[in-house]
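Residue-level structural notes
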Amino acid sequence: MLNIDASRPPLQLTFSGSDSSPRFHPTQNALTFLSDRGGGRQVHVLPLDGGEARQLTNVPSGITSFEWATNGESLLAICALSVDPEMRGDTSNGGGDVANRPTDAPHVVWRLPYKLDGVGYTLDSEIHLFTVEVATGKTKQLTTGPFEVDSADWSPDCQRMAYTRTREGRLAHRSDLWLIDRTGDNARRVTEKIATCSYPRWSPDGRYVLFTGTLQDGDAQMRLWLHTVDTGETHGLGDEDIEVVAGATVFWAQDSSSVFLVQARNGRQEITSVSVPGGQLTRLVTGDRQVDAFAIHGDGFVYAVEDGTSPKDVWACALDGTGERKLSDFNPWWRERIATKIVVRQFEVPDGDGGTELVDGWLFNAKDRGQHGPLLVDAHGGPSSYALLSFNWHVYWYLLASQGWTVLALNPVGSSSYGRKFSSQARKRWGKCDLDQQLGAVDVLRNEDLADERLAITGKSYGGYLSAWAIGNTTAFRVAVVSAPVTSLENHFGVSDSGYYADAYSMYGELSVKREEMRELSPLSYVERVVTPTLILQGEADQRCPVCQAEELFTGIMTQTSTPAEMMVFPGGSHHFFEKGKPSHRKAMLDRMTQWLLMWIDQPVGKNDSATDKGTDRPQ
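Keep in mind that this is a model prediction, so the values were computed, not measured.

Regarding its fold elements, the chain presents 10 helices and 35 strands. Dimensions of the chain along its principal axes, counting C-alpha atoms only, are 75 × 60 × 45 Å. Taken across its 620 residues, the chain has 52% of its residues classed as buried. By sequence separation, contacts in the chain at least 24 residues apart represent 54% of the contacts at least 6 residues apart. Surface exposure of the chain reaches about 26800 Å², of which carbon and sulfur atoms provide 48%. Put simply, the chain has 59 plus and 79 minus side-chain charges, and the middle of one group is 0 Å from the middle of the other.

Set out below in structure tokens:
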């Protein structure tokens, strides 16, 4: 716990269990949170004026998230329930004999999606909405059926709830906004044409429900939507280019005149406000950095910030963005290490249509360095995303900077946070336009004597795709580290937990329509051209970019070329093994990655025996 006036050092409040989702009690001087210290995850309450934390709920299935009613008498809880997948969501006969179902029973697959990265098989559970009466501990299940409730919020008078849930049927990945009475009656869907709805927030005056969402399947850029409760109308709030950072909470002003959000804008993450219902945007907390999370405290904001040169710390300011001050200093040891710097640059690069355009990029290296060293091109994921400044994602930046390297983290065409026109230009042109921009930015740095021929590339997810595409379509890179890649779009469409709609969005069509385009844009189609020594890093349990994608690339390089290649697979690792995996795995990954880069960066790339002259040409 931090004091807003920073008059006292941070105070650790809990010491046991896995604690998360802190919420201040609405009517008491207490903190409530989820903890597994008693077994399943339950809500606990900790008095802030002294005393031990005590368990507040006892929901048999455990609680995944919760929201307080404003009167402090009830909780709105989202809980996962075990079900028999053989019943296909039919609960008329009790939902099947779940208790006696063997733990190793075959997985029954009868709809899409049926798996989720970090979770695995999902059809043996449903996620539903409950109320919990605090005084008695009595729970009531409000929703039932073969779907998952994602998020929920109370109405100001505590008589209704807004929630988002997936659809039923063969293709159940879409989600809608629903309203329901406190009693569980009168559940009704209020959106239909919006593909993804999440994080509903009821306005303090009860007139609106705000939520984030997208119009099309597979679109990763979330915008604001406003549902007017009395009329039933729903429309986008503000310009469609106002991009909400995924997972970040949106807050209402107390008078319901505006909302506050973390907006992705030109590669930065800022706190902004949007007026209601007019949609006018005001930037409040800005700068060449990325706000990671925020909350409203009284008449100001409290927020976490990363800027690429220091670990995450907590800051505060007034609601108009003035009076900014730092509240924490969690990592003073940082100042004992090598000092780094990060600057944002603009590069004039090819636009893919015969002209040029300006794109942004972060340039990271050690301060006060002498002669330039090798350059690592770090391609971000997405592609509808942007370069993150998170230390957790990029520990290797700092290791390499200490050895004289520079890192280029570009936001080329296809990146989000620069408007929908810019991001949509990469659809159906993966690799073809953004790789040219990466190489164009490198040429600019070489012309400024900030880089030489010692060029490496890395990336994860879509960044893994672009790294794999690059080594099959250019000999510009002396060494590559490819992480959790997409290597065969046609295959990825069928094996990824989201490929069947995300890839269709990126290719402007379903597999049956765009099969040839998917093959043309698959790095695996050019694997025999690879002459760049390549290290492949992969989580074994990755369901977003499954392990078969990495295995195909590795097998292709090993059988079709004489190029050095290694693959490192992390048992139990999800798609986020890189930034959230076991500490021992992350250390092993960093060690192998830096060793691989240092091993090959000083050796010019030569054609191997199996590569032909055509193998160094770029496909058109």
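With the rule as written, the count across this model stands at 36 salt bridges. Put simply, Arg268 and Asp288 hold a salt bridge, and the shortest N to O gap is 2.9 Å. On the criterion of sequence distance, the pair formed by Arg268 in strand S22 (residues 268-275) and Asp288 in the loop between strand S23 (281-285) and strand S24 (290-297) is long-range, its members being 20 residues apart. On the accessibility criterion, Asp288 (44% relative accessible area) is partly exposed. Where salt bridges share partners, they join Arg167, Asp176, Arg189 and Glu192 into one cluster.

One finds Phe347, Leu408, Tyr465 and Phe477 to be the most contacted residues of the largest nonpolar core, which totals 50 residues. Among residues more than four places away in sequence, those in contact with Tyr465 are Trp430, Gly431, Pro485, Val486, Leu521 and Pro523. Core analysis: the next-biggest nonpolar cluster, separate from the first, contains 33 residues, Leu389, Leu400, Leu590 and Met593 among them.

Right, let's talk about the sheet that holds strand S29 (residues 356-366) for a bit. Pairing is mixed across the open sheet formed by 8 strands, whose spatial order is S28-S29-S31-S30-S32-S33-S34-S35. Both outer strands of the open sheet, strand S28 (340-350) and strand S35 (565-570), are each paired with one neighbouring strand and no more. Averaged over all neighbouring strand pairs, the angle between strand axes comes to 20 degrees, with direction disregarded. Bridge count for S29 against strand S31 (residues 406-411) is 5 bridges, and the pairing is antiparallel. If you follow Trp362 over to S31, its bridge partner there is Ala409. Its contacts with the sheet put helix H8 (residues 547-560) on strand S33 (479-483), strand S34 (534-539) and S35, and the angle it makes with S35 is roughly 160 degrees. Along the sheet, helix H10 (residues 583-600) makes contact with strand S30 (375-379), strand S32 (455-460), S33, S34 and S35, crossing S35 at roughly 170 degrees.

The next subject is the pairing of strand S21 (residues 258-265). Counted residue by residue, S21 has 7 buried out of 8 residues, so it is predominantly covered. Where strand S19 (residues 243-244) lies against S21, 2 bridges are found, and the strand directions are antiparallel. Counted as the bridge partner of Glu243 is Ala264 from S21. With 2 bridges connecting them, strand S20 (residues 251-252) and S21 associate as antiparallel partners. Bridge pairing links Trp252 to Val259 in S21. Between S20 and S21, which pair antiparallel one after the other, the connecting turn spans 5 residues, and Ser256 there sits at a positive phi close to 65 degrees. As paired elements, S21 and S22 share 8 bridges and run antiparallel to each other.

Let's shift gears to helix H6 (residues 499-507). Most of H6 is tucked away, with 7 of its 9 residues classed as buried. Turning to H6, its buried residues number three or more, namely Gly499, Tyr500, Asp503, Ala504, Tyr505, Ser506 and Met507. Turning to H6, the residues buried within the fold contact helix H2 (420-424), helix H5 (489-495) and helix H7 (511-520). Backbone geometry just after H6 places Tyr508 at a positive phi near 60 degrees.

Along the chain, Gly232 falls in the loop between strand S17 (223-228) and strand S18 (234-236). Along the sequence, Gly232 and Ala293 sit 61 residues apart, while their C-alpha atoms lie 31 Å from each other.

With omega at -5 degrees, the peptide bond leading from Leu112 into Pro113 counts as cis. Inspection of the secondary structure puts Pro113 in the loop between strand S6 (74-82) and strand S7 (115-116). With an omega of 5 degrees, the peptide bond running from Val276 to Pro277 counts as cis. Mapped onto the secondary structure, Pro277 falls in the loop between S22 and S23. Of note in the backbone geometry, Ser21 takes a positive phi value of approximately 55 degrees without being a glycine. One can find Ser21 in strand S1 (residues 19-24). Its identity as a non-glycine residue notwithstanding, Asp449 has a phi of 60 degrees, on the positive side. Tracing the sequence through the fold places Asp449 in the loop between helix H3 (434-447) and S32.

By the secondary structure assignment, Gln269 is in strand S22. According to the relative accessible area criterion, Gln269 is buried, its value standing at 7%. Within the structure, Gln269 has its side chain in polar contact with the backbone oxygen of Val291 (distance 2.6 Å). If we skip the residues at most four places from it in the chain, Gln269 touches Val245, Val262, Gln263, Arg289, Gln290, Val291, Asp292, Tyr386 and Leu388.

In this section: H3. Look at H3: 20 Å from first C-alpha to last across 14 residues, which is about the 20 Å you get at 1.5 Å a residue. For H3, the set of buried residues is Asp434, Leu435, Gln437, Gln438, Leu439, Gly440, Ala441, Val442 and Leu445. If you follow the buried residues of H3, they end up packed against S28, S29, S30, S31, S32 and helix H4 (462-473). Asp449 sits one or two positions beyond H3 and adopts a positive phi of about 60 degrees.

Each value, and the rule that gives it
- Residues numbered from 1 in each chain as written.
- Predicted model: local features only at pLDDT ≥ 70, side-chain atom pairs only at ≥ 80, totals over all residues.
- Heavy atoms only, no water.
- Helix = DSSP H or I, 4+ residues; strand = E, 2+ residues; numbered from the N terminus.
- Buried < 20%, exposed > 50% of the residue type's maximum accessible area, 1.4 Å probe, protein only.
- Contact = heavy atoms within 4.5 Å.
- Areas by Shrake-Rupley, 256 points an atom, 1.4 Å probe, with all protein chains shown as cover.
- Lys, Arg positive; Asp, Glu negative; His and termini not counted.
- Charge placed at Lys NZ, Arg CZ, Asp CG, Glu CD.
- Salt bridge = Lys/Arg side-chain N within 4 Å of Asp/Glu carboxyl O.
- Core = buried A, V, L, I, M, F, W, Y, C linked by side-chain atoms within 4.5 Å.
- Pairing = 2+ DSSP bridges.
- Axes fitted to C-alpha atoms, helices over the stretch in contact; angles between N-to-C directions.
- Polar contact = N/O pair within 3.5 Å; in protein donor to acceptor, adjacent residues only side chain to side chain.
- Expected span 1.5 Å × (residues − 1).

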